[in-house]
Amino acid sequence: MSETTRQFESAFQSLVNDAQWTPAWLKDLRQTSFEQFAQAGLPSRQIEAWKYTSTRSLNESPFALGHASAIDAETLAARSVAGASRVVFINGIFNAALSELPTDVSITDIREALDTDREMVMPCMSAEDDSLVSLNQAFFSSGVLIKVNKNVTVAKPIQLLFLQDAQSETVLISPRNIIFVEAGAQAQIIESHFGDTKNFTNAVTDVFVKDNAVCQYVLERVLGSETKYVSRHSFHLARDARIETFNLALGGRLNRSQLEFRLNAPGASAKLDGLYIARGDNHIDNVTEVLHLAPHTSSAQLYKGILEDKSRGVFNGKITIVKDAQHVDAQQLNKNLLMSREAEVDSRPQLIIDANDVKCSHGATIGQLDEQELFYLQSRAISLEDAKRMLAKAFIGDVVGRVSGNHFTKHLQDVLQSFGGGAQ
Amino acid sequence: MLNIENLHVRVEEKEVLKGLNLHIKAGEVHAIMGPNGSGKSTLSKVIAGHPEYTVTSGSITYDVNFRPKNILDMQPDERARNGLFLAFQYPIEIPGIPNLEFLRAAFNAVCKHQGVDPMEHKAFDAFVREKAKLLEIDSSFLDRELNVDLSGGEKKRNEILQMAVLNPRLALLDETDSGLDVDSLRIVSEGVNKLKTDDNAIVMITHYHRILNYIKPDFVHVLADGRIVRSGDVSLALEIEERGYDWLLN
Ligand SMILES: Nc1ncnc2c1ncn2[C@@H]1O[C@H](COP(=O)(O)OP(=O)(O)O)[C@@H](O)[C@H]1O
Ligand SMILES: [Mg+2]
């Protein structure tokens with residue numbers, strides 16, 4: 001066992017020997033996964049997708065399991081999306097009392113689901129070569145299986161709301177979600193992670209969007225300066241399926257998402273919008289990987305970031321178009337605004353094309369606030385600070401506007417407002 | 001109100017203003033004319049506090065609370081909050097900032113400086129629409145992004161709308177007349193005249209005599225090669241109209 005994996009050892013022993021968290025049918029999976037993780041260790045910067053992001057902050061103290069806890073009504077209200085059903089988790093543990101489950105959708109605890117819906121869930125439990133997925137599989141104690149049945153249009157968005165409160169120990173939170181949006185169905189999912197603790201969240205989600213189904217998926221992670229978060233999402237798209245994602249990252253000591261889109265059949269389309277704002281010593285890393293595996297598929301992405309103070313941002317966007325995937329339309333744009341001389345961003349858009357009849361564009365920009373624009377605003381009595389804020393807000397205006405007209409809109413504005421700085 | 005003494009200004013290693021003097025009192029209207037590249041816009045931007053221009057010697061004082069203050073130490077926004085206003089020769093476009101929001105931010109910044117409460121959104125809306133009407137600006141302008149896709153003339157009108165909202169004590173209008181057709185010129189001039197009182201002052205930078213038929217200057221100055229080379233009354237403008245600048249340059 002390596003030095004880095006030792007941080008997880010004692011928590012793992014308590015988990016695997018506790019029948020409440022590790023029912024008989026889960027024990028093997030946990031043990032194998034933990035061994036895999038211990039073999040591989042945390043991702044190193046030798047791995048291409050981790051080139052600009054270090055996992056050093058995960059070595060500082062041993063991790064413990066979360067305890068059930070309460071959260072005050074005001075905090076809950078501020079984090080909830082109005083008009084949405086919600087499934088609330090605190091320190092990684094499902095809280096039935098605070099949840100408002102939907103009536104038109106089947107939602108099962110993920111550990112139960114491994115027993116009851118084994119053939120649906122088990123195929124997702126393969127860690128491939130991702131040690132963090134192994135770590136999640138060793139530890140997951142919360143999360144849901146959501147099944148949206150054929151041709152059902154879910155009435156309200158479903159918010160998976162992960163909250164934390166500070167405990168004396170540093171907690172490892174390992175959500176695992178699997179979502180099936182069956183043929184012709186429509187659903188909106190909002191996966192929210194809020195935390196201002198030293199905790200480490202390691203989330204894994206699979207979303208299957210079947211023939212002609214439409215899924216809107218918001219991932220938001222609003223973190224304090226000591227909070228750690230990594231996640232891996234895989235979206236599997238069938239014929240004429242559509243996924244629309246909005247990925248919001250605010251703050252965080254380590255705040256990394258990796259979104260993979262597998263466009264498996266003709267007519268599948270994916271929209272990827274993202275917004276990240278880092279300040280202080282925050283480190284935000286967004287990885288997107290779009291795999292055009294069939295002809296007549298399309299993807300469009302716009303990620304925008306604001307980096308303040310000494311913060312660091314990373315955008316790693318890879319589009320792959322396989323041989324025979326003709327008539328693919330793939331667009332990608334990443335734009336960054338550096339608000340200080342000490343802020344840094346690494347942007348790596350990549351295109352790998354093996355088909356010849358495709359329409360692709362990609363690009364990345366990194367810029368500062370425009371001196372002439374600042375002067376224009378200042379010449380109209382607006383303070384330098386306000387002028388900067390207005391221009392930063394203008395910079396992200398288009399991507400924020402992409403979520404207009406749905407339940408998330410107001411929530412997003414409130415979250416940006418309370419995060420403050422260039423976001424207001 | 002504004003006193004400029006022996007002003008020398010450099011921009012990118014080039015001396016543009018070379019010992020310029022100008023004195024403006026409350027209640028006065030001044031016109032500054034001069035050939036292209038003589039330093040007129042430079043002068044206006046230096047007064048407004050543009051960071052690109054370096055004052056190498058001389059002084060600019062401006063009355064704040066009836067006392068002359070060295071404004072070279074003041075940030076551009078502080079100058080503006082104290083009643084200085086520059087209508088730009090080339091107003092820039094700022095995508096993503098709605099005109100109305102921009103006007104409100106500007107107006108509220110001045111309110112805050114004066115220690116009064118910001119105007120309520122609704123009241124401000126009505127206030128701005130009133131001003132827009134005066135300048136015959138379509139109110140759909142207000143919802144558009146700041147100057148984006150406006151014609152040259154529309155941008156100039158928008159500058160005067162900002163002036164009307166901020167009601168400055170000293171307004172510098174840098175070639176506000178160029179790009180305006182006859183009707184627009186009349187409307188804009190009438191708007192400016194309505195804002196004119198005994199307590200404020202206007203400096204118009206212009207190439208043409210045209211605007212001086214609408215806004216009557218008390219003084220006309222000719223700026224050439226970084227200095228005021230001649231000052232007079234409105235007859236000087238007429239003479240320039242007839243004879244050009246050459247006779248003044250040697
Ligand atoms: N930002 C700048 N950078 C470089 N040169 C400038 C800049 N602003 C003005 N100048 C130069 O200073 C001189 C005066 O310009 P300007 O003040 O715009 O003249 P005017 O408004 O009288 O036509 C010109 O030679 C111009 O090229
Ligand atoms: Mg000029």
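Rules of the game
Residues numbered from 1 in each chain as written. Chains lettered and ligands numbered in written order. Predicted model: local features only at pLDDT ≥ 70, side-chain atom pairs only at ≥ 80, totals over all residues. Heavy atoms only, no water. Helix = DSSP H or I, 4+ residues; strand = E, 2+ residues; numbered from the N terminus. Rg over C-alpha atoms; globule rule 2.2 N^0.38 Å. Contact = heavy atoms within 4.5 Å. Areas by Shrake-Rupley, 256 points an atom, 1.4 Å probe, with all protein chains shown as cover. Lys, Arg positive; Asp, Glu negative; His and termini not counted. Charge placed at Lys NZ, Arg CZ, Asp CG, Glu CD. Donors = N, O, S within 2.8 Å, 3.2 Å for Na, K, Ca; no water. Buried < 20%, exposed > 50% of the residue type's maximum accessible area, 1.4 Å probe, protein only. Buried area = accessible area lost by both parts, 1.4 Å probe. Salt bridge = Lys/Arg side-chain N within 4 Å of Asp/Glu carboxyl O. Expected span 1.5 Å × (residues − 1). Arc of directions from axis to C-beta. Patch = residues over 30% accessible without salt bridge, like charges linked within 9 Å, V, L, I, M, F, W, Y side chains within 5 Å. Pairing = 2+ DSSP bridges. Axes fitted to C-alpha atoms, helices over the stretch in contact; angles between N-to-C directions.

Counting its secondary structure elements, chain A contains 10 helices and 21 strands. Expected size for 424 residues packed as a compact globule is a radius of gyration near 22 Å; at 21 Å, chain A falls within 12% of this value. In terms of principal-axis extent, the alpha carbons of chain A reach across some 70 × 55 × 45 Å. Long-range contacts, defined here as pairs at least 24 residues apart, represent 83% of the contacts in chain A between residues at least 6 apart. Surface accessibility of chain A: about 16200 Å² in total, with carbon and sulfur atoms responsible for 46%. Positive and negative side-chain charges of chain A, numbering 41 and 51 respectively, have mean locations separated by a distance of 3 Å.

Before going further, it helps to spend a moment on the coordination of the magnesium ion (ligand 2). Residues and elements named next belong to chain B. Around the magnesium ion (ligand 2), the protein contributes the donor atoms S41 (OG) and Q89 (OE1), at 2.1 Å from the metal centre. Of this pair, S41 sits in helix α1 (residues 40–48) while Q89 sits in the loop between β6 (84–87) and β7 (94–98), and the two are 48 residues apart along the sequence. Accessibility expressed as a relative area gives 19% for S41, which makes it buried.

The next subject is α1 of chain B. In an α-helix, one full turn covers 3.6 residues, which means residues spaced three or four apart are oriented alike. All names here are of chain B. Among the 9 residues of α1, 8 are classified as buried, and the element is accordingly described as predominantly covered. Along α1, the residues that are buried comprise K40, S41, T42, L43, S44, V46, I47 and A48. G49 lies just past α1 and shows a positive phi near 100°.

All right, on to the interface of chain B and chain A then. Taken together, the contact between chain B and chain A spans 33 residues of the former and 16 residues of the latter. In total, about 1900 Å² of surface goes out of reach between chain B and chain A, with carbon and sulfur atoms giving 67% of it. We note a salt bridge from K393 of chain A to E101 of chain B, for which the minimum N-O separation is 3.8 Å. Listed by contribution, the elements that provide at least two residues to the side of chain B that touches chain A are α1, α2 (76–81), β6, β7, α3 (99–114) and α5 (152–166) of chain B.

Let us now look at helix α4 (residues 121–134) of chain B. Residue and element names in this part refer to chain B. With 14 residues, α4 extends 20 Å between its outermost C-alpha atoms, agreeing within 8% with the 20 Å of an ideal straight helix rising 1.5 Å per residue. All of the buried residues along α4 are F124, V128 and A132. Down the axis, α4 shows its buried residues gathered within 75° of arc, on one side only. Looking at α4, the residues exposed on the side facing more than 90 degrees away from the buried face are K122, E130 and K133. In this fold, the buried residues of α4 make contact with α3 and α5. E136 lies just past α4 and shows a positive phi near 50°.

So, about a negative patch on the surface. Together, D370 and E371 of chain A together with E12, E13 and E52 of chain B make up a negatively charged patch on the protein surface. Owing to a relative accessible area of 71%, E13 of chain B belongs among the exposed residues under this scheme.

Turning our eyes to something else, we now look at the sheet that holds strand β1 (residues 2–11) of chain B. Residue and element names in this part refer to chain B. With antiparallel pairing, 4 strands are arranged side by side in an open sheet as β2-β1-β4-β5. Single-partner strands in this sheet number two, and they are β2 (14–24) and β5 (67–70). This sheet shows a mean twist of 20° between the axes of neighbouring strands, independent of strand direction. Of the pairings in the sheet, the one linking strand β4 (residues 54–64) to β5 comprises 4 bridges and is antiparallel in character.

Scope: geometric values only; no functional claims are made or implied.
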